[in-house]
Amino acid sequence: MLNVQAVRRDFPFIRPGRVYLDSASTSLTPEPVLAKMLEYYREYRANVGRGVYTSSRRATEEFEAARKTLARLINAKPGEIVFVRNTSEAMNLVASGLGLRSGDKVVTTIQEHHSNYIIWLREKARKRIDLRVIGADASGDLNLPDMQREIEKGAKLVSVTHVSNVLGVKNPVEEIGKICRENGALLLIDGAQSVPHMRIDVKRIGCDFLAFSGHKMCGPTGVGALYIREDLQGDLEPLCIGGGSIEDVGVDYYTLRGGPYRFEAGTPAIAEVIGIGAAAEYLMDIGMENIEAHEADLTREILEGIQGDRRVKVYGSLDSGRRNGIISFNVDGMDPHDVAIALESAAGIMVRSGHHCALPLMKEVLKIGSGSVRASLYLYNTKSEVRTFVETISKISESAKGSTA
Ligand SMILES: Cc1ncc(COP(=O)(O)O)c(C=O)c1O
């Protein structure tokens, strides 16, 4: 069980009059993470991997400890964790590093965030890869038979989101992983919306790459991670090379280091890496299962609360067991941005509105080019906040009825 009142005391942003329901965009950051980063700046501010003096050695140790913690979070080896800026950079690294050639087949889906979509459109334009986009229905179900057919006919890579950032629906990544393994396809999972909210095991999924961001999991901005299966690292070309990533350099040659260092050129975001490690510790101390159960509870309450209102249209499956705490909806006759503004002015509720960086899904599947309102939950949200949200939506929808009657 998660003690939500104790959790809330860790988050300085939380105070009376604020209801933060935008964690799918970016999460709040707790004191232990802030303190850990500040400690670096105050106590051992030095570069990593270079100096032999005490502060530099301590910085390197804390930096590498964060790598170990993230490895524990997703059941990988520390050497399989590469630090990057965010999920977008992680997936760019895979797209550009694989050395895709004309005719190589990449399978992705219509549900993807732009960060896992336009990278493949670019490879299509640049290299003429054979890009296949798997469809989905409005409840969020991917066309799995179609995906299986495409993989069986020969795919180099499948790139799919674990949880849709619009619909909150969890995709069957283990099943997809099995199909990929049986057919020799690589699998990249966009874990931006799953790693912060549930227990992830890269071995069980059977993926080759997993991308996620620190700022969505109670960590700082500017840091994320890419899991790269150990035996694939040597075949992947880094996005960026330079100091820290080399084994040897001569006048007319260079050789790159092995392991994650190959991909981490230049001075990294040291405080942020230490911060993402602290965030992963924080989440694991609370328990990923407890976080998932807490969010499921709140999601059920929201879905039951707003579903009853005929003027509110909720997108994606209404089965709370199939989704995490992301709820996209529209109020009949209202622009999503106006609903978001009304939520804040009426009750201090902060939500996202717009296309949520998923225009193909919005246009082709949900047919809502103007977007939706999205409320998203995390470990610090409470039942009372959810009730306030449901009541406020009901009042907003009632007033919209009045103005359009
Ligand atoms: C599913 C998904 N993928 C990728 C991203 C991109 O993450 P970042 O902005 O941290 O690179 C997001 C961000 O919202 C997301 O929800």
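By the naming in an unreviewed UniProt entry, the chain goes by cysteine desulfurase and is assigned to Methanosuratincola subterraneus. Its UniProt record gives the chain a comment under Catalytic activity (unreviewed entry), which states: "(sulfur carrier)-H + L-cysteine = (sulfur carrier)-SH + L-alanine". Quoted straight from UniProt, the Cofactor (unreviewed entry) entry for the chain says "pyridoxal 5'-phosphate".

### Here we look at the packing of aromatic side chains
Scanning the entire structure with this criterion turns up eight aromatic pairs. Note on Tyr-40 and Tyr-44: the rings are 5.3 Å apart at their centroids and 75° apart in plane angle, and the pair reads as edge-to-face. Both residues of the pair, Tyr-40 and Tyr-44, count as buried. Considering the side-chain rings of Tyr-378 and Tyr-380, the 5.5 Å spacing of their centres and the 70° angle between planes classify their relative orientation as edge-to-face. Aromatic rings pair up to connect Phe-11, Tyr-282, Tyr-378 and Tyr-380 into one cluster. The side chain of Arg-18 reaches across the aromatic face of Phe-13, ending 4.3 Å from its centre. A cation over an aromatic ring shows up here: Arg-257 above the ring of Tyr-261, its NZ or CZ 4.2 Å from the ring centre.

### Some thoughts on the side chain of Glu-385
If you trace the backbone, Glu-385 turns up in helix α13 (residues 383–404). Judged by its relative accessible area of 6%, Glu-385 falls in the buried class. Of the polar contacts made by the side chain of Glu-385, one reaches the side chain of Arg-8; its length is 3.3 Å. With residues near it in sequence (within four places) discarded, Glu-385 still touches Arg-8, Arg-18, Val-19, Tyr-20 and Tyr-380.

### Notes on the pairing of strand β7 (residues 209–213)
In terms of burial, β7 is a largely internal element, five of the five residues being buried. Because side chains alternate across β7, one face comprises the buried residues Phe-209, Ala-211 and Ser-213, and the other comprises Leu-210 and Phe-212, equally buried. Alignment of strand β6 (residues 186–190) against β7, held across three bridges, turns out to be parallel. By the bridge assignment for β7, Asp-190 is matched with Ala-211.

### Here's the deal with helix α4 (residues 87–97)
When you tally the buried positions in α4, you get eight out of 11 residues, the bulk of the element. Of all the residues in α4, the buried ones are Thr-87, Glu-89, Ala-90, Met-91, Leu-93, Val-94, Ala-95 and Gly-97. Contacts made by the buried residues of α4 are with β2 (81–84), α5 (118–127), β6, β7 and β8 (224–228). Phi for Gly-99, located one or two positions after α4, is positive at around 65°.

### Let's talk about the site of the ligand
Close to the ligand lie 13 residues, the nearest being Ser-88, Asp-190, Gln-193, Ser-213 and Lys-216. A distance of 2.7 Å separates an oxygen atom of the ligand from a polar atom in the side chain of Gln-193. Between the ligand and His-215, the relevant distance is 2.7 Å, taken from an oxygen atom to a side-chain nitrogen or oxygen of the residue. The fraction of the free accessible surface of the ligand (390 Å²) that becomes covered by protein chains is 89%. A per-class count over the shell around the ligand returns one nonpolar, 10 polar and two charged.

Calculation notes
- Residues numbered from 1 in each chain as written.
- Predicted model: local features only at pLDDT ≥ 70, side-chain atom pairs only at ≥ 80, totals over all residues.
- Heavy atoms only, no water.
- UniProt positions renumbered as here; feature names shortened; annotations may be inferred.
- Phe/Tyr/Trp six-rings, centres within 6.5 Å; stacked < 30°, edge-to-face > 60°.
- Buried < 20%, exposed > 50% of the residue type's maximum accessible area, 1.4 Å probe, protein only.
- Lys NZ or Arg CZ within 6 Å of the ring centre and 35° of its normal.
- Helix = DSSP H or I, 4+ residues; strand = E, 2+ residues; numbered from the N terminus.
- Polar contact = N/O pair within 3.5 Å; in protein donor to acceptor, adjacent residues only side chain to side chain.
- Contact = heavy atoms within 4.5 Å.
- Pairing = 2+ DSSP bridges.
- Near = heavy atom within 4 Å.
- Areas by Shrake-Rupley, 256 points an atom, 1.4 Å probe, with all protein chains shown as cover.
- Nonpolar A, V, L, I, M, F, W, Y, C, P; charged D, E, K, R; others polar.

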